[in-house]
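Coordinate analysis (summary)
For reference, the chains in residue letters:
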Amino acid sequence: MMRFAAADRPALVPLGIAAAGLLLCAAALFLVPVIVFAGWLTAALFALGFPLGAMSVLMIHGLTGGRWGEVMRPPLRAMVATLPLALILLLPLLFRPDFIFPWAVSDPSGLPETVRLKLAYLNMPLFLLRFVVYAAAWLVLAWMTLKGTEGKGRLGGRTSALGLVIHAFAIAVFSTDWMLSLEPDFTSTVYALLEASAEIVGASALALFVLAVTRSVETLPGGDSRTALGEDVANMLFGFMLTWAYLAFMQWVIIWAGDLPDDIRWYMLRSESGWQYLLLLLVFLQFTAPFAGFLVRAMKRSHSGLLWLAGALLAGHFADVAWRIRPPLAGDAAAWPDLAAFAAVGGLWLAGFLFARAHPQSLSLSRRRAVDG
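Now for a look at the structure at hand. (Residues numbered from 1 in each chain as written. Predicted model: local features only at pLDDT ≥ 70, side-chain atom pairs only at ≥ 80, totals over all residues. Heavy atoms only, no water.)

**Some words on the packing of helix α3 (residues 67-81) against helix α6 (residues 124-148)**
The interhelical angle for the contact between α3 and α6, taken along N-to-C directions, is 150°, at an axis separation of 10 Å. Taken together, the axes of α3 and α6 lie roughly antiparallel to each other. Crossing of α3 against α6: the hand is left-handed. Along its contact with α3, which presents Arg77, Val80 and Ala81, the element α6 presents Ala142, Thr145 and Leu146. (Axes fitted to C-alpha atoms, helices over the stretch in contact; angles between N-to-C directions. Helix = DSSP H or I, 4+ residues; strand = E, 2+ residues; numbered from the N terminus. Parallel < 35°, antiparallel > 145°, perpendicular 65-115°, else oblique. Left-handed = near helix turned anticlockwise from the far one by under 90°. Contact = heavy atoms within 4.5 Å.)

In structure tokens:
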């Protein structure tokens, strides 16, 4: 009989949720397979954003330094360690790409002319080749990040700068392939930056939430004698949130000013059939309420205040991903197969994250080499 250590028991709950979600997904595949794929894509992109965002934050800290990055390092490293699992969770979608990508059909003659002109780029052979290339680049960056942040170390400035350049290019290609191509008529030159900033917000919010649950960061000394460590972390998260909000607002302003029908349709689709309520919730959770909270110093120095700020941003980040990804896919609104896919993907990723958190020694690459030697 398999026995689990006490440290591994928290991962059993999300594993149980994932098992139930997988069973429901298997049943739904016989009824509404397109909705299952739609929910799975949304959940998988949400899960993948955490390790990608965590790598970004660790590389930013490699350039800037600061105690905020030192205290955030353990949960961020655990997120980075889930990258292989998050990439694997995308693979089931490749069995029927035509369920989610309108351009991945056997007969492209029925597609609009503007989409047919993009088929030199949007075709499955090149799509799979690009996926292999940026997935391999991310895995190498993850290895370098974990190796460079072992113990109390942090990434060097040159390594971080080069890593961020490669990472940014990979996110640009990835967001075009897996997000923008869901609606190939839509174009946005800022979308890759918007996705990268959203990933950083999500990873930073999760790291702060874990820290607030496990440590009294609001009582530890920060970068100077006038600030607490929790306040430093909250201020960094505030900056990341403002960057995301600026990019999201600028995309809307530019599309509104351009008055282009194909681009306006992207917003119109997300402003009907109930998705407008998710948009209002997104704005409240990922900007309005946290913005007000971040301005109150007492809240950033409060244990419950840090939990509230991190929790609101986490919920807002999920709403952001769901609002951007789910509306153009099957169905007018979310259904129970979506919830089953969220449970399956979310449970598997959370179990992997909790396992990495419970076994930080497993992320020590140098120690592993020493033992192997």
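**Some thoughts on the side chain of Ser204**
Here Ser204 is to be found in helix α8 (residues 191-214). Its relative accessible area of 2% is what places Ser204 among the buried residues. Discounting residues that sit within four places of it in the chain, Ser204 has contacts with Val57, Met72, Leu237 and Phe240. (Buried < 20%, exposed > 50% of the residue type's maximum accessible area, 1.4 Å probe, protein only.)

**Here's the deal with the environment of Thr114**
Here Thr114 shows up in helix α5 (residues 113-116). According to the relative accessible area criterion, Thr114 is partly exposed, its value standing at 40%. It is 8.2 Å that separates the C-alpha atoms of Thr114 and Pro184, two residues lying 70 residues apart in sequence. Side chain to side chain, Thr114 and Asp185 meet in a polar contact 2.8 Å long. (Polar contact = N/O pair within 3.5 Å; in protein donor to acceptor, adjacent residues only side chain to side chain.)

**A closer look at the side chain of Glu195**
Turning to its location among the elements, Glu195 is positioned in helix α8. Classification of Glu195 by relative accessible area gives buried; the value is 4%. Separated by 2.9 Å, the side chains of Glu195 and Arg324 make a polar contact. In this view, Glu195 contacts Ile171, Ser175, Met179 and Arg324; residues no more than four positions away in its chain are not counted.

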